[in-house]
Amino acid sequence: MSQHYQGVGGASGVMVGRAFRYLPTASTSATTEAPEDADEAMQRFAVAQQESAASLQTLADRMRSEGHAAEAGIFEAQAMLVEDFTLTDEVEQRVRGAGMSLEQAIIAATRQMHDTLAALDDPYLRERAADMQAVERAMLNTLRGTTATLRDLPAGTVIIAPDLTPAETSELRGNTALGFVTAYGGPTGHTAILARSLGIPAVVGVGQDVLNIPGGATVIVDGDQSLLIVQPTEAEVAHYQERGAAQDAAQIRRAALRDTPGQFADGRPVALWANIGRPDEAQIARSYGAEGIGLFRSEFLFLERNEPPTEDEQYTAYRTTLEAMEGRTVIVRTLDIGGDKPLPYLPMPSEPNPFLGVRGLRLSMQRPDLFQAQLRALLRAASHGDIWIMLPMVATLADITWARQQMRAASEALTAEQITHRATVPLGVMIETPAAAMTVDLLAAEADFFSVGSNDLTQYMMAVDRGNPTLAANYPHNAPAVLRMIAQAAAFAKKVGRHIGVCGELGGVPDVAPLLAAVGIDELSMSPASIPVIKERLLGTTHADAHAAARRVMGVTD
Ligand code: PEP
Ligand code: MG
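Residues numbered from 1 in each chain as written. Chains lettered and ligands numbered in written order. Predicted model: local features only at pLDDT ≥ 70, side-chain atom pairs only at ≥ 80, totals over all residues. Heavy atoms only, no water.

Below, the discussion takes up the site of ligand 1. The immediate surroundings of ligand 1 are formed by 17 residues, with R297, R333, G453, N455 and R466 found nearest. A distance of 2.7 Å separates an oxygen atom of ligand 1 from a polar side-chain atom of R297. Within the backbone of N455, one N or O atom sits 2.8 Å away from an oxygen atom of ligand 1. Contact with the protein chains hides 100% of the accessible area of ligand 1, taken as 280 Å² for the molecule alone. Per-element tally for the shell around ligand 1: the top contributor is helix α16 (residues 454-462), with three residues. (Near = heavy atom within 4 Å. Polar contact = N/O pair within 3.5 Å; in protein donor to acceptor, adjacent residues only side chain to side chain. Areas by Shrake-Rupley, 256 points an atom, 1.4 Å probe, with all protein chains shown as cover. Helix = DSSP H or I, 4+ residues; strand = E, 2+ residues; numbered from the N terminus.)

Written out as structure tokens, the structure reads:
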């Protein structure tokens with residue numbers, strides 16, 4: 001009998017594969033505690049040392065080839081520590097002398113070495129303490145057949161994990177023959193968003209029972225129904241293989257629409273733009289027919305590193321994106337950190353409600369140095385194409401006034417330094433707070449354009465954390481309350497003649513996208529792979545029909 005696990009969201013697509021458990025922080029206790037044959041244990045230890053060192057070295061090589069020399073150095077040092085004879089001695093003493101199991105001995109030895117290093121005065125040696133934790137994890141992962149990295153997984157692997165950080169999810173980039181399933185997370189959380197942008201099937205928020213699925217089990221990921229099937233029957237496998245084939249056929253059919261502009265069946269235009277997180281995704285966006293970039297989540301330039309990107313690095317990233325888009329608009333959102341997106345090198349005081357605290361533009365206000373570097377990079381890049389700057393987490397007119405002054409200051413400084421740039425570029429805001437949605441016409445005094453962040457707008461309207469899997473299903477982003485708010489914001493924007501888009505996940509939902517366009521949204525921005533699906537959907541309905549449907553869904557009768 002197959003087992004079915006229902007999740008709360010994910011990324012479209014189906015696949016049949018083998019479960020692979022990814023437990024990055026699973027090293028807190030030993031899974032085997034009974035004493036084992038000491039010779040055998042030490043042989044296993046020697047093999048695990050070699051394998052762990054090899055996989056850390058592979059990671060180091062990859063980091064170096066991608067230009068991350070500092071990270072490469074860290075992994076190289078860890079690879080050496082794994083094979084260090086002190087560690088071997090410490091483990092052997094515990095296995096032979098104290099009769100510990102191998103896992104227990106590794107944990108005890110690495111922790112004692114960690115504590116000794118952490119107590120030293122020398123700052124360099126103190127920092128090596130953290131490496132001992134990594135060594136412990138690498139060794140235990142090797143012994144347990146789990147993994148410390150998500151790169152280089154074989155095709156057909158379905159990763160089962162508690163949740164994935166943005167950095168972990170982006171390790172999957174380029175490997176489209178994978179799927180993943182997480183115990184936690186919601187449909188508009190960043191794990192699901194990244195899965196969509198990578199174009200791999202995923203199910204999130206399945207609940208923690210999913211973590212007990214044995215590695216190697218045959219599983220089916222149905223990202224369309226947010227369903228995971230474990231040990232499927234033959235009939236289920238056959239059904240999903242057929243669906244996989246239909247999926248491939250639909251992809252070929254839609255690819256033919258690549259150069260058709262987004263429009264309703266009656267020809268009324270709807271701009272279909274893409275959400276990206278890195279410059280190289282602009283090419284992917286183009287390959288799916290994106291007519292612009294409606295949201296470049298610039299915070300992804302700040303992840304997977306030990307320090308913020310420099311002004312020059314950012315300038316290059318924005319310029320590369322503009323060049324890839326060949327004159328089309330690119331909306332770059334300024335750093336949106338906080339909430340569920342922390343930065344390891346930017347310690348923030350812990351807050352009881354981080355989603356209601358210092359996030360998005362509010363963090364920029366506390367760190368004008370970071371904001372200035374970003375604005376300078378953006379204004380410099382603006383000489384090479386049509387860049388628009390968008391502010392996250394705006395609630396008041398004063399928020400935008402502050403940012404506009406900052407933009408002016410950045411331009412003045414560049415002028416004084418005789419650095420080529422564009423003095424003013426369109427400055428707009430995300431509509432993510434109900435306060436912003438209800439005052440679009442007033443915000444237009446300072447804002448040149450708007451884009452609805454329906455993911456956050458939903459969580460702030462419904463008072464439901466967007467990452468909470470137990471509440472997500474009952475408080476969806478397509479609820480009448482959210483659609484009415486978006487329609488209201490669109491009407492305000494129309495009144496003051498401003499462009500308004502939707503760049504939250506709602507814009508890429510096939511049943512909802514035509515309704516949004518019908519109530520006055522000019523542009524829908526979504527993960528690149530969704531564009532052909534939405535384009536086909538729009539071509540299948542008229543503006544009038546979609547408008548009538550929108551009124552029905554919103555419960556508007558007069
Ligand atoms: C949103 O909130 O809808 C949005 C697009 O921003 P993010 O998902 O990055 O918070
Ligand atoms: Mg948001």
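Okay, the packing of helix α10 (residues 311-324) against helix α12 (residues 368-381) next. Orientation of α10 relative to α12, taken along the N-to-C sense of each, is 40°, at an axis distance of 8 Å. As α10 runs across α12, the sense of the crossing is right-handed. Residues E311, D312, Q314, Y315, Y318, R319 and L322 of α10 form the contact with α12, whose participating residues are A373, Q374, R376, A377, L378, R380 and A381. Taken together, the residues of the contact of α10 with α12 sort by class into seven nonpolar, two polar and five charged. (Axes fitted to C-alpha atoms, helices over the stretch in contact; angles between N-to-C directions. Left-handed = near helix turned anticlockwise from the far one by under 90°. Contact = heavy atoms within 4.5 Å. Nonpolar A, V, L, I, M, F, W, Y, C, P; charged D, E, K, R; others polar.)

For the rest of this paragraph, the subject is the domain arrangement of the protein. Its domain assignment divides the protein into domain 1 (3-22 + 148-232), domain 2 (38-144) and domain 3 (271-554). Here domain 1 and domain 3 have C-alpha centroids that lie 26 Å from each other. Each partner contributes residues to the interface: domain 1 has 18 residues there, and domain 3 has 17 residues. In total, domain 1 and domain 3 occlude about 1600 Å² of area from one another, counting both sides; carbon and sulfur atoms represent 58% of this. Contact with domain 3 buries area across many residues of domain 1, yet R173, T188 and H190 alone supply 37% of it, more than any other trio. Note that E505 and R196 form a salt bridge whose closest N and O atoms lie 2.2 Å from each other. Where domain 1 touches domain 3, the interface holds one residue pair in polar contact (both at pLDDT 80 or more). Ranked by residue count, the leading element in the side of domain 1 that touches domain 3 is helix α7 (residues 190-198), at five residues. (Domains from an automatic or database assignment. Buried area = accessible area lost by both parts, 1.4 Å probe. Salt bridge = Lys/Arg side-chain N within 4 Å of Asp/Glu carboxyl O.)

It is worth spelling out the sheet that holds strand β6 (residues 202-204) at this point. Taking strand neighbours across the sheet as the criterion, the eight strands line up as β1-β8-β7-β3-β4-β5-β6-β2 in an open arrangement whose pairing is mixed. If you trace the sheet from one side to the other, it starts and ends with β1 (3-6) and β2 (9-11), each paired once. Taken over all neighbouring pairs, the strand axes of this sheet differ in orientation by 25° on average, direction set aside. Taken together, the four bridges between strand β7 (residues 218-222) and strand β8 (residues 227-230) define a ladder with antiparallel strand orientation. Of the residues in β8, the one forming a bridge with V219 is V230. Sheet contacts for α7: β2, β5 (179-182) and β6; angle to β2, the most-contacted strand, approximately 25°. (Pairing = 2+ DSSP bridges.)

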